[in-house]
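Single-letter residue listing:
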Amino acid sequence: MPNITEADLKKHIKSREFSSVYLIYGAEQMYVRNYTDKLVNAVAGKAPSDFNFHRFAGEVDLSELAAATQVVPFMSEYNLVLVSDAFFDMMTKTELDTFLEICANPVDGTVLVISLPSNTPKYKTLSAIVKAIGKKGDVCEFKKPNAMTVEKFIAKWANANGKLISRAAANKLVSLCGDDLTRLKNEVDKICSYSSGEEVSLEDIDKLATVNLESRIFDLSDAVLAGNGEKAFQVLDLLFYQKEEPIAMLYTLSNAYIDAYRVRVAAECGVMNSELAKDFGYGKRTFVLDRVKRSTNRVSTEALRKSLDLMMDADLKFKSVRLNDRLYLEQLIAQLLLTAREGR
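Everything numeric here is computed off the predicted structure, so don't read it as measured data.

*Asks:* Would you mind showing me how to read the overall build of the protein chain here?
*Replies:* Along the protein chain, the regular secondary structure elements total 16 helices and seven strands. Residues classed as buried in the protein chain amount to 44% of the 344 residues present. Looking at the protein chain alone, contacts between residues at least 24 apart form 75% of all its contacts between residues at least 6 apart. Of the roughly 18,700 Å² that the protein chain leaves accessible, carbon and sulfur atoms contribute 53%.

Shown next, in the form of structure tokens:
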């Protein structure tokens, strides 16, 4: 488990009292990037010398990393080693064990920072890293901020652009673009640049916001379940225009149907959505359960099962056979439309 908070990390940076090893990671990548930069600047300065700053990323040469952690600071208080977005999932167990052993034994005066701003390893690997680093140094996880914090960030960014934004407009932006702070900041900056009024309106957001994959996929699944083939293929065409990865589209669409099937079975068993959300760890995504419940009211449970079978078959084919991705997804949507129509 993480053993320091954001406030603790701030204190380390301000007091310049550093641990020998840090792991900085979490779902909120903007925080991970920002605090990694702050920590690196505090330890090494804004213009560190090559003698005292060693950076690794991707495929890490473990022998070079081991040598870097043993460098004695030269005309500086600290020797900084930064490992950013290493390909941990590509390491063998022996290589990962070696990496963790290196992390456990830096020479005095070396600060080793392991940062995961975008390439998060699988759960089992991450757990092993968190556990090992937590014994020798400090681990700081940045989880997704709550809705109120996200709203405050949006208001702050709008104000920085000389604009006001209402709570309703901020919520609308999150519903369309998701709650990733980096993406939201880019959207706020863009919308404020094109918005003509003093306040960002709901109309501005509808016209200018770039809708995220999950929201588009919900529009797609909603259209399919409603039997609206024209809208379904319009959304699919838009997804390809936005150059979304077909396998990601299939994965997200499958998740939407899994959500719908869970809601249906839970309702048939008398289980409330709040209890379902807790059992399956939906957290802040609980709202999707109410949303899919409305979408599936007119579709039978059997039709949902058949749809899941279709997507399981599609997933296997995507992973094992060379396909025309667009044509295959269009065929899949047609099959899902027919299944939903037959299941009314």
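*Asks:* Looking at this model, I keep getting lost on the pairing of strand S2 (residues 53-58). Mind explaining?
*Replies:* For a regular strand, side chains alternate in direction, first toward one face of the sheet and then toward the other. Bridge count between S2 and strand S3 (residues 79-86): six bridges; the pairing is parallel. Pairing of Phe 53 across the sheet is with Leu 80, part of S3. Following the backbone out of S2, through helix H3 (residues 62-69) and into the adjacent parallel S3, one traces a crossover that is right-handed.

*Asks:* When you look at H3 in this model, what are you seeing that I'm missing?
*Replies:* Given 3.6 residues per helical turn, the α-helix brings residues three or four places apart onto the same face. Considered for burial, the residues of H3 that qualify are Leu 62, Leu 65, Ala 68 and Thr 69. Each buried residue of H3 sits inside an arc of 120° when the element is viewed along its axis, so together they form one side. Its buried side turned inward, H3 meets S2, S3, helix H4 (93-104) and strand S4 (110-115).

*Asks:* Would you take a moment to explain the nonpolar core for this structure?
*Replies:* As a rule of thumb, nonpolar side chains are buried together in soluble globular proteins. Membership of the largest hydrophobic core comes to 41 residues, with the highest contact counts inside it found for Leu 9, Leu 39, Ile 154 and Leu 173. At the level of elements, helix H1 (6-15), strand S1 (21-25), helix H2 (29-44), S3, S4, helix H6 (147-160), helix H7 (167-177) and helix H8 (181-194) are the ones that each hand at least two residues to this core. Ranked by residues supplied to this core, first place goes to H2 with eight residues. Apart from residues lying up to four places away in sequence, Leu 39 is in contact with Leu 9, Ile 13, Phe 18, Tyr 22, Ile 24 and Val 113. Counting 37 residues, the second largest nonpolar core, distinct from the first, contains Ala 232, Ala 266, Leu 276 and Tyr 328.

Conventions and cut-offs
Residues numbered from 1 in each chain as written. Predicted model: local features only at pLDDT ≥ 70, side-chain atom pairs only at ≥ 80, totals over all residues. Heavy atoms only, no water. Helix = DSSP H or I, 4+ residues; strand = E, 2+ residues; numbered from the N terminus. Buried < 20%, exposed > 50% of the residue type's maximum accessible area, 1.4 Å probe, protein only. Contact = heavy atoms within 4.5 Å. Areas by Shrake-Rupley, 256 points an atom, 1.4 Å probe, with all protein chains shown as cover. Pairing = 2+ DSSP bridges. Right-handed = clockwise from strand over helix to strand, strands pointing away. Arc of directions from axis to C-beta. Core = buried A, V, L, I, M, F, W, Y, C linked by side-chain atoms within 4.5 Å.

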